[in-house]
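Below are the chains, spelled out letter by letter.
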Amino acid sequence: MVTELTYTENIFAGTRAELLAKISQQLKPKRFKHVQRVEQTAITLAKRNAVDLEKASIAGLVHDYAKQRPDEDFITAIKQYHLDPMLLDYGNAIWHGVVGAELIKHELGIYDEDILNAVRHHTTGAVYMSPLEQIVYMADYIEPQRDFPGVDEARQLAKTDLAKSVAFQAKHTLEYLVENGKPVYPKSIDTYNAWVPQYPTI
């Protein structure tokens, strides 16, 4: 069942339908469907964790806003907005969150820092994540079309213990990156160190 919220908090200067229209111009159909599934998963988690539903909706919808931009857009933004030059050593997997938050701010007029941080950290996590950040981090990981070893366990954990599910994802994401010889963004290691030792048995 799709939950369609009426936006009343003036976080985005428009309706949910208007936000969807702007996002649809940036994403291919498959990715556009993904962000809508993440939105619905985020709303479900927000209801369970007493988190603002409108923020969960907006953050879920915009988390991949910049995912399909050309690399040149990100490199220009890193320099224009004076972001950490270390970002230039990475690619879209990191850029679309960390740099994408700046594009969301300047192109969509969304300035809510909790939403922007949810976008910044939805791939890497962070040492501290607000409940909304945790929700978007997990919603992207467990949305209904995700299919990988451990996803059902992650879904169950997200239902019962949001923080523990964050630790689960942090651990398994780092394991995946290491096993596949992929670069690890330093913040992902910081996330692991902050969250996983609290739950040594996951």
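Residues numbered from 1 in each chain as written. Predicted model: local features only at pLDDT ≥ 70, side-chain atom pairs only at ≥ 80, totals over all residues. Heavy atoms only, no water.

Trainee: Would you mind going over the environment of P144 with me for this structure?
Mentor: Here P144 is to be found in the loop between α8 (131-142) and α9 (151-160). Expressed as a C-alpha distance, the spacing of P144 and A17, which sit 127 residues apart in the sequence, is 22 Å. Setting aside residues no more than four positions away along its own chain, P144 makes contact with R37, T41 and R155. (Helix = DSSP H or I, 4+ residues; strand = E, 2+ residues; numbered from the N terminus. Contact = heavy atoms within 4.5 Å.)

Trainee: Can you help me understand the environment of S57 in this one?
Mentor: Take S57: it is sitting in helix α3 (residues 53-62). A relative accessible area of 0% means that S57 is categorised as buried. The spatial distance from the C-alpha of S57 to the C-alpha of W95 is 22 Å, given a sequence separation of 38 residues. (Buried < 20%, exposed > 50% of the residue type's maximum accessible area, 1.4 Å probe, protein only.)

Trainee: Sorry, what's going on with the packing of α3 against helix α7 (residues 113-120) here?
Mentor: Two measures define how a pair of helices packs: the angle their axes make with one another and the distance between the axes. As a packed pair, α3 and α7 sit with axes 9 Å apart at the nearest point and diverge in direction by 35°. Of the two elements, α3 crosses α7, and the hand of that crossing is right-handed. For the pair α3 and α7, the contacting residues are K55, I58, A59 and V62 in the first and D114, I115, A118 and V119 in the second. When grouped by side-chain class, the residues that make up the contact of α3 with α7 number 6 nonpolar, no polar and 2 charged. (Axes fitted to C-alpha atoms, helices over the stretch in contact; angles between N-to-C directions. Left-handed = near helix turned anticlockwise from the far one by under 90°. Nonpolar A, V, L, I, M, F, W, Y, C, P; charged D, E, K, R; others polar.)

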